[in-house]
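Summary of structural features
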Amino acid sequence: MQKFVYNLLDVQSIRELNSDPLAPSCIKQDDTILTQGYSNPNDGGGAYYRVENNTSSNDNGGNIIRIDSNRVAVLIPDENLNVKQFGALGDQTAQDSISIQNAIDYCLANGITQLNVPEGVYLISSSLVISNTVASSNQRPAGLYLKGIGASGSIDSTNPPTNATVFMADDTAPERTLSGPMLDIQGLFFDGSSFIASTYMNGGGIEGISFFGKGLGDTENHAIKILAWWNATIKNCNMDNFNGDGIHQLADLSFNPNPDFSASNNLTYKNLIISRVSGYGFNNSVFQSAGGSIFEQCVFTFCKNGGVFIQSSSCRFTNCSFSGGGWRESGDNNSGAAYGINFGGTSLTPNSRHIVEGCEFDTNLTAHISSSWLANSRISNNRFIHGARYNEGMNPPVLRPNDAVIFAPNSNDESSRNVEFISNFVRVDSEGTLNVFRWANHANVINILAEKTLITNAPNANLTVYEAYDFNNYNIRNNYVLDDTEQGIAGAHVISKGTPSPFYLGSTSNTPSGAVGPNFVALPFEIAGVSFLPNNTYNTTTGVFTCPKTGFYNVNVFFTITGLGSGVLFRTELRKTVGATTQSVNFNYLFGTGAVRQNLGLNARVFANEGDQLSIIINSQGTFGIEPTSGFNQLLIELV
């Protein structure tokens with residue numbers, strides 16, 4: 001041991017500091033010690049320490065190193081603080097979980113926002129946890145930035161990569177086969193039994209690290225699990241060979257039934273490669289949670305459940321790649337259904353305001369995009385590739401996927417509304433059957449725009465551009481704009497340019513129907529031209545309109561009356577019947593002037609539940625010698 005001026009002592013390692021017999025005579029309180037390494041010189045664990053008189057603190061192998069019974073060396077952190085200063089070796093032999101966790105805990109307890117992870121392969125035998133340490137509900141604790149030197153292009157457990165930071169599952173540790181993620185982000189404060197206080201962790205991130213799961217553990221063995229983390233970035237990372245998801249983003253509904261109180265928001269994912277996972281590449285498993293995530297230049301490949309499953313809103317996917325969804329590797333037994341992106345949700349939770357732009361989708365199992373619950377979103381300038389890869393043993397090979405985009409694949413309850421597909425490119429590499437856009441169900445798929453889809457068709461491929469859209473006039477009633485005439489593709493043509501809301505349009509004959517009460521007569525209408533509400537909603541004998549859906553109805557009726565004598569009163573009334581109760585909604589009067597023709601109109605907006613009945617009633621002071629004139633009378637009932 002050498003002593004330098006200014007009370008700076010230079011030692012080779014922590015080991016020398018503990019074992020040098022000269023230490024008691026050379027070291028005194030307030031000295032500064034510089035170690036050249038932790039276990040050995042130049043192993044990356046060198047650091048500065050301050051000597052303090054202390055008889056009670058235990059040596060924790062990190063920020064407190066006991067020199068003798070009276071003195072300790074206390075770590076002096078700087079911007080180069082790293083896990084090797086806490087004893088992690090990264091030599092693919094030592095179990096480094098405890099050392100890395102100690103380093104993480106030290107940073108969180110002392111407000112240090114960046115922890116460096118030098119080059120090496122670190123064996124991880126238990127979940128690493130970055131946790132919120134602030135219990136107060138009016139604070140936003142800073143998140144930790146975990147920074148490696150770079151992700152490995154490939155991970156070979158027998159030939160460790162160089163110039164990379166790798167977290168590798170330790171298959172020599174039995175506990176590693178238990179449930180749990182490799183890195184667990186807990187943005188809510190945990191009191192030992194449950195999460196409390198909606199404080200969120202704010203900022204921080206993960207950079208330049210490869211996560212290699214080795215196929216150990218169960219379906220909860222994700223690379224990264226995220227709860228209540230805001231304004232953070234994960235970039236330049238690889239995640240490979242996990243039995244769960246690559247990234248599992250969730251909320252804790254036991255903490256609060258409203259997912260916004262524990263979900264993550266405004267996260268950026270950039271330059272990630274997620275591959276060979278049994279779950280999803282990215283899984284936002286809780287509906288209606290705060291969204292706002294950005295995905296840039298991310299690759300999702302061989303994710304058995306699919307590339308991305310998302311149920312939150314306001315996400316942007318730019319220049320990403322989704323391939324092999326449905327397989328864990330080439331030739332693997334595929335799952336029942338898998339998509340490049342699956343926009344999920346429920347009837348109570350809009351999944352909206354997404355942008356998918358400049359991405360590539362290649363040979364996913366079921367469809368490249370599933371629009372189960374998608375609204376107010378744009379999918380543009382993407383490439384969809386269909387081929388026969390990953391189907392070893394099939395003769396002839398099966399074209400995958402069979403659909404580029406599928407609407408409401410599971411039930412008629414699923415809703416897709418106001419979604420635009422613009423300037424997308426479809427490439428067909430093999431023979432087989434392909435639907436570019438397929439309506440699996442129709443009832444709640446409304447306002448779909450598909451324009452300028454360019455298709456290159458392989459020889460002998462059976463191609464349909466729009467499949468099953470024209471079912472009971474849903475293509476017109478639900479306002480589809482499907483226009484690919486510029487490409488000159490058979491079957492790609494304008495289906496409709498949109499219509500008003502569904503309506504019933506009718507006209508009358510000369511003679512009113514039977515009486516419905518003293519001095520009142522129902523006036524029936526017959527369908528006039530085209531009606532975009534089912535014809536059976538209006539009874540042309542009784543004049544009763546049965547509301548097919550719950551909502552607001554605009555009712556417009558126009559009459560022409562001939563020969564109504566001066567002073568004679570003519571009344572038109574709109575009635576609504578709910579069960580056994582009938583009430584007057586609106587009415588209008590016309591007093592005769594003796595003119596040959598007089599006009600009378602009625603315009604009303606009424607809310608009705610499904611099954612309620614509307615009817616038009618007329619009265620002419622009890623005498624029906626005056627009748628509406630045929631050819632000039634019109635009824636329009638519009639569902640808005």
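Residues numbered from 1 in each chain as written. Predicted model: local features only at pLDDT ≥ 70, side-chain atom pairs only at ≥ 80, totals over all residues. Heavy atoms only, no water.

What follows deals with the overall build of the chain. Helix and strand counts for the chain come out as 4 helices and 54 strands. The 640 residues of the chain split such that 54% are buried. (Helix = DSSP H or I, 4+ residues; strand = E, 2+ residues; numbered from the N terminus. Buried < 20%, exposed > 50% of the residue type's maximum accessible area, 1.4 Å probe, protein only.)

So, about the sheet that holds strand 54 (residues 634-639). The strand order across the open sheet formed by 5 strands is 46-43-54-49-52, and the pairing between neighbours is antiparallel. Strands with a single pairing partner mark the edges of an open sheet, and in this sheet they are strand 46 (526-527) and strand 52 (597-608). With 5 bridges connecting them, strand 43 (residues 503-507) and strand 54 associate as antiparallel partners. Considered in strand 54, the bridge of Tyr504 is made with Ile637. (Pairing = 2+ DSSP bridges.)

A contiguous nonpolar patch, built from Phe552, Phe607 and Val640 and spanning about 260 Å² of accessible area, is present on the exposed surface. Mapped onto the elements of the fold, Phe607 is located in strand 52. On the basis of relative accessible area, Phe607 is assigned to the partly exposed category, the value being 39%. (Patch = residues over 30% accessible without salt bridge, like charges linked within 9 Å, V, L, I, M, F, W, Y side chains within 5 Å. Areas by Shrake-Rupley, 256 points an atom, 1.4 Å probe, with all protein chains shown as cover. Salt bridge = Lys/Arg side-chain N within 4 Å of Asp/Glu carboxyl O.)

Turning to the pairing of strand 51 (residues 581-591), a few remarks are in order. Two strands pair when backbone bridges link them, and strand 50 (residues 569-578) and strand 51 are joined in this way by 10 bridges, in the antiparallel orientation. Looking across to strand 51, one finds that Thr577 is bridged to Thr582. Taking the residues that link successive antiparallel strands as the turn, the strand 50-strand 51 hairpin has 2 residues, and the phi of Gly579 there is positive, at about 65°.

A few words now on the environment of Tyr145. With respect to the helices, strands and loops of the structure, Tyr145 is situated in strand 11 (residues 145-148). Relative accessible area serves as the criterion here: at 16%, Tyr145 is assigned to the buried category. The spatial distance from the C-alpha of Tyr145 to the C-alpha of Ile206 is 5.7 Å, given a sequence separation of 61 residues. With residues up to four places along the chain from it excluded, the contact list for Tyr145 reads Thr113, Gln114, Leu115, Gly204, Gly205, Ile206, Glu207 and Lys235. Within the structure, Tyr145 has its side chain in polar contact with the side chain of Glu207 (distance 2.6 Å). (Contact = heavy atoms within 4.5 Å. Polar contact = N/O pair within 3.5 Å; in protein donor to acceptor, adjacent residues only side chain to side chain.)

On to helix 3 (residues 97-109). For helix 3, with 13 residues, the first-to-last C-alpha span of 18 Å sits near the 18 Å given by 1.5 Å per residue. Among the residues of helix 3, those classed as buried are Ser97, Ser99, Ile100, Gln101, Ala103, Ile104, Tyr106, Cys107 and Leu108. Just downstream of helix 3, Gly111 is the residue with a positive phi angle, here 70°. (Expected span 1.5 Å × (residues − 1).)

Let us now look at the confidence of the model for the chain. Overall, the predicted model of the chain reaches an average pLDDT of 84, with 85% of residues at or above 70. Averaged pLDDT values for the elements of the chain fall to 40 in strand 1 (residues 2-4) and rise to 98 in strand 16 (residues 205-207). Every residue in residues 1-6 scores below 50 in pLDDT, and together they form 13 contacts with partners more than four places removed in sequence or on other chains. (pLDDT = per-residue confidence, 0-100.)

In this structure, Phe167 and Phe211 are the most contacted members of the largest nonpolar core, which totals 103 residues. Tallying contributions element by element places helix 3 first for this core, with 6 residues. Counting residues in hydrophobic clusters, the runner-up holds 28 residues, among them Tyr504, Phe545, Leu614 and Ile618. (Core = buried A, V, L, I, M, F, W, Y, C linked by side-chain atoms within 4.5 Å.)

Further remarks concern the side chain of Glu573. Secondary-structure assignment places Glu573 in strand 50. A relative accessible area of 5% places Glu573 in the buried class. Here Arg571 takes part through its side chain, which lies 3.0 Å from a polar atom of the side chain of Glu573. Within the local environment of Glu573, its side chain forms a polar contact with the side chain of Ser584, the two groups lying 3.0 Å apart. Setting aside residues no more than four positions away along its own chain, Glu573 makes contact with Phe520, Ser584, Asn586, Phe587, Leu602, Ser615, Ile616 and Ile617.

Turning our eyes to something else, we now look at the pattern of salt bridges. A complete count under the given rule lists 10 salt bridges for this structure. With its nearest N and O atoms 3.2 Å apart, the salt bridge here joins Lys214 to Asp171. Of this pair, Lys214 sits in the loop between strand 17 (210-212) and strand 18 (224-227) while Asp171 sits in the loop between strand 12 (165-169) and strand 13 (183-190), placing them 43 residues apart in sequence. Close ionic contact of Asp403 with Arg438 constitutes a salt bridge, the shortest N to O distance being 3.0 Å. Separated by 35 residues along the polypeptide, Asp403 in strand 35 (residues 403-407) and Arg438 in strand 38 (residues 432-439) bring together distant segments of the chain. Asp403 gets classed as buried once you look at its relative accessible area, which sits at 3%.

The class of Arg438 is partly exposed, set by a relative accessible area of 26%. Excluding residues within four positions of it along the chain, Arg438 makes contact with Asp403, Val405, Ile406, Phe407 and Glu467.

A separate point is the side chain of His248. Inspection of the secondary structure assignment puts His248 in strand 21 (residues 247-250). At a separation of 2.7 Å, a polar atom in the side chain of His248 contacts the side chain of Asp245. What His248 contacts, discounting residues up to four positions off in sequence, is His222, Ile224, Lys225, Ile226, Asn283 and Ser285.

Turning next to the packing of aromatic side chains. Under the definition given, this model contains 25 aromatic pairs. For the pair Tyr200 and Trp230, a centre-to-centre distance of 4.8 Å together with 35° between the ring planes defines the contact as tilted. Residue Tyr200 is found in the loop between strand 14 (195-196) and strand 15 (201-202), and its partner Trp230 is found in strand 19 (residues 229-230); the two are separated by 30 residues along the sequence. Trp230 gets classed as partly exposed once you look at its relative accessible area, which sits at 23%. For the pair Phe525 and Tyr538, a centre-to-centre distance of 6.4 Å together with 75° between the ring planes defines the contact as edge-to-face. Highlighted residues: Phe525 in the loop between strand 45 (520-522) and strand 46 and Tyr538 in strand 47 (residues 538-539), separated in sequence by 13 residues. Classification of Phe525 as buried rests on a relative accessible area of 0%. Residue classification places Tyr538 among the buried residues on the basis of a relative accessible area of 6%. Through a chain of ring-to-ring contacts, three or more aromatic side chains come together here, namely Tyr269, Phe282, Phe295, Phe300, Phe317, Phe322, Phe361 and Phe384. The aromatic ring of Phe587 is capped on one face by Arg571, whose charged end is 4.3 Å from the ring centroid. (Phe/Tyr/Trp six-rings, centres within 6.5 Å; stacked < 30°, edge-to-face > 60°. Lys NZ or Arg CZ within 6 Å of the ring centre and 35° of its normal.)

Time to look at unusual backbone geometry. Of note, the bond from Arg400 into Pro401 is cis; its omega dihedral lies within 30 degrees of zero at -15°. For Pro401, the location among the structural elements is in the loop between strand 34 (383-386) and strand 35. Its identity is not glycine, yet Asn236 carries a phi of approximately 55°, on the positive side. Residue position: Asn236 is located in strand 20 (residues 233-242).

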